[in-house]
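# Residue-level structure breakdown
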Amino acid sequence: MILHVNHTVGSPGSAALSERASELVRTLLDLVGEGRVDPRLLPALRVHLDWVQYRANFREPVTVRRATDARGQPLALAEIAVDLRQAEPSRFRDELLRALVSMTRDSADEGARVWLDDFAPVRDSLIWQFNRLFWQRLGEWEREAGRGFEEALPSGRSDANHPQAVADTVADFWTLLRDVDKRGQLPPEIFALEIGVGSGIRAALWLDRFKALDEERGTGYYPRLRFLLGDYSVPTLDRAMATVVHHRDAVSVLAMEALNPFRTLSFLRYKILYIHLTNVYDNLPYDELVRRDGRLYLVEARAYLAKEAAERIAADFGVGLTGLARTVSRLLEVGPDVIGDGGRGAAFWRAVWEAVRLEERLVALDDLAQAPLPPGLDQSHLEDLLAEAPEDVRFHLSRGAAESFVNTLPLLHPRGYLQVQDIFVTSMDEYRHGFRGPGKLDGSVVSWVNGALLRAVGARAGYDVHFAPFRYRPASRTSILYTTQRD
Ligand SMILES: C[S@@+](CC[C@H](N)C(=O)[O-])C[C@H]1O[C@@H](n2cnc3c(N)ncnc32)[C@H](O)[C@@H]1O
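Residues numbered from 1 in each chain as written. Predicted model: local features only at pLDDT ≥ 70, side-chain atom pairs only at ≥ 80, totals over all residues. Heavy atoms only, no water.

## Description of the overall build of the chain
Note the cut-off: Segments assigned H or I by DSSP are reported as helices when at least four residues long, segments assigned E as strands when at least two residues long, and all are numbered from the N terminus. The classification of residues rests on relative accessible area computed with a 1.4 Å probe and restricted to protein chains. Under 20% of the type maximum is buried, over 50% is exposed, and intermediate values are partly exposed. Here, two residues are considered to be in contact whenever any of their heavy atoms come within 4.5 Å of each other. All accessible areas in this document rest on Shrake-Rupley with a 1.4 Å probe, and a residue is counted as covered only by the protein chains that are shown.
Along the backbone of the chain there are 14 helices and 21 strands. Each principal axis of the C-alpha atoms in the chain carries an extent, and together these give about 80 × 55 × 45 Å. Evaluated residue by residue, the chain yields a buried proportion of 55% over its 487 residues. Taking as baseline every contact in the chain between residues at least 6 positions apart, the subset at least 24 positions apart corresponds to 79%. Per element, the accessible surface of the chain, about 20,500 Å² overall, is 49% carbon and sulfur.

## Details of the site of the ligand
This is how it is decided: If even one non-hydrogen atom of a residue comes within 4 Å of a molecule or strand, that residue is called near it. The term polar contact refers here to a pair of N or O atoms within 3.5 Å; inside protein, the definition further demands a hydrogen-donor-capable atom paired with an acceptor-capable atom, and it admits residues adjacent in sequence only when both atoms are side-chain atoms. Note on residue classes: Ala, Val, Leu, Ile, Met, Phe, Trp, Tyr, Cys and Pro are nonpolar, Asp, Glu, Lys and Arg are charged, and everything else, Gly too, is polar.
Around the ligand sit 19 residues in total, of which Ser-158, Gly-196, Asp-231, Glu-257 and Ala-258 are the nearest. At 3.2 Å from a nitrogen atom of the ligand is found a main-chain nitrogen or oxygen belonging to Tyr-232. With respect to the ligand, the side chain of Glu-257 contributes an N or O atom lying 2.6 Å from a nitrogen atom. Calculation on the ligand without its partners gives an accessible area of 590 Å², and the protein chains cover 95% of this total. Of the residues belonging to the shell around the ligand, the class tally is 8 nonpolar, 8 polar and 3 charged.

## Describing helix α3 (residues 127–136)
The element α3 is largely enclosed, with a buried count of 7 among its 10 residues. Listed in full, the buried residues belonging to α3 are Ile-127, Trp-128, Phe-130, Asn-131, Leu-133, Phe-134 and Trp-135. Looking at the buried positions of α3, the neighbouring elements they touch are α4 (138–145), α7 (234–243), α10 (324–334), α11 (344–355), β13 (357–364) and β18 (444–446).

## Brief notes about unusual backbone geometry
Looking along the chain, the bond that leaves Gly-437 and enters Pro-438 is cis, with omega of 15°. Not every positive phi belongs to a glycine, and Asn-279 is a case in point at roughly 50°. Tracing the backbone shows Asn-279 in the loop between β10 (272–278) and β11 (287–292). In this structure Asn-279 comes out as partly exposed when scored by relative accessible area, which is 27%. In this structure, Ala-475 takes a positive phi of about 70° despite not being glycine. Considering the arrangement of structural elements, one finds Ala-475 in the loop between β20 (463–469) and β21 (479–485).

## A few points about the side chain of Asp-442
Residue placement: Asp-442 occurs in the loop between β17 (439–441) and β18. By relative accessible area, Asp-442 is classed as buried at 12%. A polar contact of 2.8 Å, which involves the side chain of Asp-442, links it to the side chain of Arg-147.

## Examining the sheet that holds β21
Where we set the bar: Two strands pair if DSSP finds at least two bridges between them. Note on geometry: axes are C-alpha line fits, over the in-contact stretch for helices, and angles between N-to-C directions span 0 to 180 degrees.
Pairing is mixed in the open sheet, where 7 strands are placed in the order β9-β8-β7-β10-β15-β21-β20. Each edge of the sheet is formed by a strand with only one pairing partner; in this case those strands are β9 (251–255) and β20. The mean angle between the axes of side-by-side strands here comes to 20°, regardless of whether they run parallel or antiparallel. Sheet contacts for helix α6 (residues 201–217): β7 (190–195), β8 (225–231), β9, β10 and β15 (412–422); angle to β8, the most-contacted strand, approximately 175°.

## Examining the pattern of salt bridges
The line we're drawing: Just to be clear on terms, a salt bridge is a Lys or Arg side-chain nitrogen sitting within 4 Å of an Asp or Glu carboxyl oxygen.
Scanning the entire structure with this criterion turns up 38 salt bridges. In this structure, Arg-123 and Asp-124 form a salt bridge, with 3.9 Å as the shortest nitrogen-oxygen distance. Classification of Asp-124 by relative accessible area gives partly exposed; the value is 46%. Its salt-bridge partner being Arg-226, residue Glu-189 comes within 3.1 Å of it at the nearest N-O pair. On the criterion of sequence distance, the pair formed by Glu-189 in the loop between α5 (163–182) and β7 and Arg-226 in strand β8 is long-range, its members being 37 residues apart. Of the residues examined, Glu-189 reaches a relative accessible area of 37% and is grouped as partly exposed. Residue Arg-226 is classed as partly exposed on the basis of its relative accessible area of 27%. Through salt bridges that share partners, Arg-46, Arg-65, Glu-79, Glu-288, Arg-292, Asp-293, Glu-360, Asp-392 and Arg-394 make up one connected network.

## Concerning the pairing of strand β4 (residues 74–83)
Buried residues dominate β4, accounting for 7 of its 10 residues. Bridge count for strand β2 (residues 45–50) against β4 is 6 bridges, and the pairing is parallel. Each residue of the ladder has a partner; that of Val-47, found in β4, is Ile-80. Examined bridge by bridge, strand β3 (residues 62–68) and β4 share 6 bridges and lie antiparallel to one another. The residue of β4 that forms the bridge with Thr-68 is Pro-74.

## Some points on the packing of helix α1 (residues 14–33) against helix α2 (residues 92–103)
For any two helices packed against each other, one specifies the crossing angle of their axes together with the interaxial distance. Stated precisely, the cut-off is as follows: These descriptions rest on fixed angle ranges, namely under 35 degrees for roughly parallel, over 145 for roughly antiparallel, 65 to 115 for roughly perpendicular, and the rest for oblique. By convention the crossing between two helices is left-handed if the near helix lies anticlockwise of the far one by an angle smaller than a right angle, and right-handed if it lies clockwise.
Closest axis-to-axis distance for the α1/α2 pair is 10 Å, and the angle between their directions is 55°. Looking at the two axes, α1 sits oblique to α2. By crossing handedness, the relation of α1 to α2 is classed as right-handed. On α2, the residues that touch Arg-20, Glu-23, Leu-24, Thr-27, Leu-28 and Leu-31 of α1 are Phe-92, Arg-93, Leu-96, Leu-97 and Leu-100. Here the contact of α1 with α2 is composed, by residue class, of 7 nonpolar, 1 polar and 3 charged.

The following block contains the structure:
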């Protein structure tokens, strides 16, 4: 048995955490001593001690992951993962026993779960349908929750909207324009784009500041500005437009898919001087890879509701337990109104989302060529990433972020740049130092973005990718990615 300590020194409440970790290990060793662990399991059993910082997440306190080959045949590797934040010491013994017993069966906790989908790579999980529904029907969720989506953020507001950060960005952009202008290269129309605009507050701050600076310096850029707001959520675009209405002559809104901005904006190829996104990449689908004993595995997941939660929801909303999975699938296809109006549908949606958990399994890849690489990345990049990664590692293949990134770069003017504020893992080694998602933020999914991978994707497209800390809010986990063109 191998023990993985996946939380690092200095985690919040570390004294209590080590006490819990010791108790857990003691309980585990007691079970081994009592002969309660199948001796065939022990050599390939790995026990992970995690600390999941997202209060709402997809994990049970103690969970099991088994490994299979590509045909679904069981392999020896098996993992038990314990979230020390959620797990109750008084339940350690029962939970570990349950986990150990389920490992010797065909399927974990069969009968104690209502399955919502089948095993699939994480990028294809049902959770992305929930995520999409959240942004498409944001108003209904917020009404039922009694708060706006930004209030669900750990800091209670978005780093997108920090006035000083926005002012500094505007100053940098103005300096760029001035320089391009001096060289006689400034186009008559100055295009800027924000993707994933949320409330529109950042765009409003940015435009106010840009206008003020331009007037102060008398450069006459503001009247030439064409500021585009892009998002796939029409209600969000409406809300953002209302926020920037005093700049209506400079602004256009565009319904677009962040995974491929170029498809919507191909007429602006090489024309946009500034493109910004905050907290969008962390909200796009990804895959996860695991390396154990030199072998690579793809994480597959399937969504479920624990029986108790399912029974409670079924009773509360008068939906038969047997029809519950079908009702959830209708919710995702049609929206909350299929359950009822007057907030009932939204209440059902929130209850289901709160209860959704993911069972994971590790599917062995025969070789690197089988890894589902995002566009812009080839096998040699993956080899490079793995070469700099710890031996035993679980990491994101941030597929959606990479796709969005490669499909945004062609829009950039030769002097333009992309700026992305997000939670990035900037080196593969960081994957050793804690849980990197997924978590739930209100009705949406959040997961850290593999910045090392984006660096490789950028280099191939002719860009250097840099990361700067977001120094405007103490303890912020945000970094700022920005591109510079390679010579
Ligand atoms: C977490 S919010 C961030 C909002 C804002 N940038 C902020 O930081 O406060 C994500 C935004 O991206 C949009 N979004 C998410 N996935 C998208 C996709 N695939 N295509 C276009 N927009 C998307 C959502 O509608 C939402 O406005």
